[in-house]
Amino acid sequence: MPNAGDVVINEFLADNGAGATDEAGENEDWLELYNNTATPVNLTGLYLTDKADNPTKWPFPAGVSIPGNGFLIVWLDEDQLQGPYHANFKLSAGGEFIMLSDGAGTVLDSLSFGPQQPDISFGRYPNGVGPFTFMPVTFDDFNSTTSTQSPERAVLALVPNPASDACTLQSDAPLGRVQVLIVWVAWCKSRYRGISNDSPGTVARQACTLCGRQGDEVNGGELVKGQGANMSHLDFL
Ligand SMILES: [Ca+2]
Ligand SMILES: [Ca+2]
Ligand SMILES: [Ca+2]
């Protein structure tokens, strides 16, 4: 029986619009577990649930283990006939609860989360041990606040990150297409996303979808803080 913190809920996506697909080719909710120890952990006898009063809702298949410092993806799609790692519950993008336990009172990890948005993960940063934060999807991979899952994105860096003031976007290649995720806590407690432009070096302003405030601008590789902005967090998708 692993101890709390050995295996953790590392990342999940409650609104998978255009991300990873399961064996049936479907965009489904998923959950990523991470093993913080260097040795494999047998998950037999452990359960996932989205209901605190039903801790044994989905048992892990007998004999399954998670590699040392490795990952295990469980699809949350109520499609148990599609494979061994398909749980009998989904996650509400409006906010819900997840628990990993032995079903008898020993909780390895659990969290309650608030509203989620399409294709933006909620996960632990630093990977495996940090608090939950919104982040780019790192499906079956180490969590990062800068996406490293495509080569053209790997060259991007934000200094500093997270930023609470002006910050610099660094790229050693033309900024052909950039998407920026900004979490505006002070204004409207919503996420502002979707800065995108196909013209090299320039990213247009867009308004926050909830509060209407104009977003920041990326131009020529430098991101300038907006007037009166309180930028608590900024990531690249
Ligand atoms: Ca969902
Ligand atoms: Ca499915
Ligand atoms: Ca991950």
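In the block above lies the structure referred to throughout.
Residues numbered from 1 in each chain as written. Chains lettered and ligands numbered in written order. Predicted model: local features only at pLDDT ≥ 70, side-chain atom pairs only at ≥ 80, totals over all residues.

## Examining the pairing of strand 2 (residues 29-35)
Point 1. Among the seven residues of strand 2, seven are classified as buried, and the element is accordingly described as predominantly covered.
Point 2. What you see with strand 2 is no split at all: Asp 29, Leu 31, Leu 33 and Asn 35 on one side and Trp 30, Glu 32 and Tyr 34 on the other are buried throughout.
Point 3. Sheet topology note: the strand 1 (residues 7-13)/strand 2 ladder contains six bridges and is antiparallel. Looking at the pairing, Val 7 lines up with Asn 35 of strand 2.
Point 4. Relative to strand 7 (residues 71-76), strand 2 is paired through six bridges, and the arrangement is antiparallel. In the sheet register, Trp 30 faces strand 7, and the bridge partner there is Trp 75. (Buried ≥ 20, exposed ≤ 12 C-beta atoms within 10 Å, placed from the backbone. Helix = DSSP H or I, 4+ residues; strand = E, 2+ residues; numbered from the N terminus. Pairing = 2+ DSSP bridges.)

## As for the sheet that holds strand 7
Point 1. Read across the sheet, six strands follow the order 8-7-2-1-11-12 without closing on themselves; strand pairing throughout is mixed. Every interior strand has two partners, whereas the edge strands, strand 8 (86-87) and strand 12 (132-135), have only one.
Point 2. Where strand 11 (residues 121-124) and strand 12 come together, four bridges link them in antiparallel fashion. Pairing of Arg 124 across the sheet is with Phe 132, part of strand 12.

## Thoughts on the sheet that holds strand 4 (residues 47-49)
Point 1. Read from one edge to the other, the open sheet built from four strands follows the order 5-4-9-10, with strand pairing classed as antiparallel. The open sheet is flanked by strand 5 (58-59) and strand 10 (107-113), the only strands paired with a single partner.
Point 2. With two bridges joining them, strand 4 and strand 5 adopt antiparallel strand pairing. If you follow Leu 48 over to strand 5, its bridge partner there is Trp 58.

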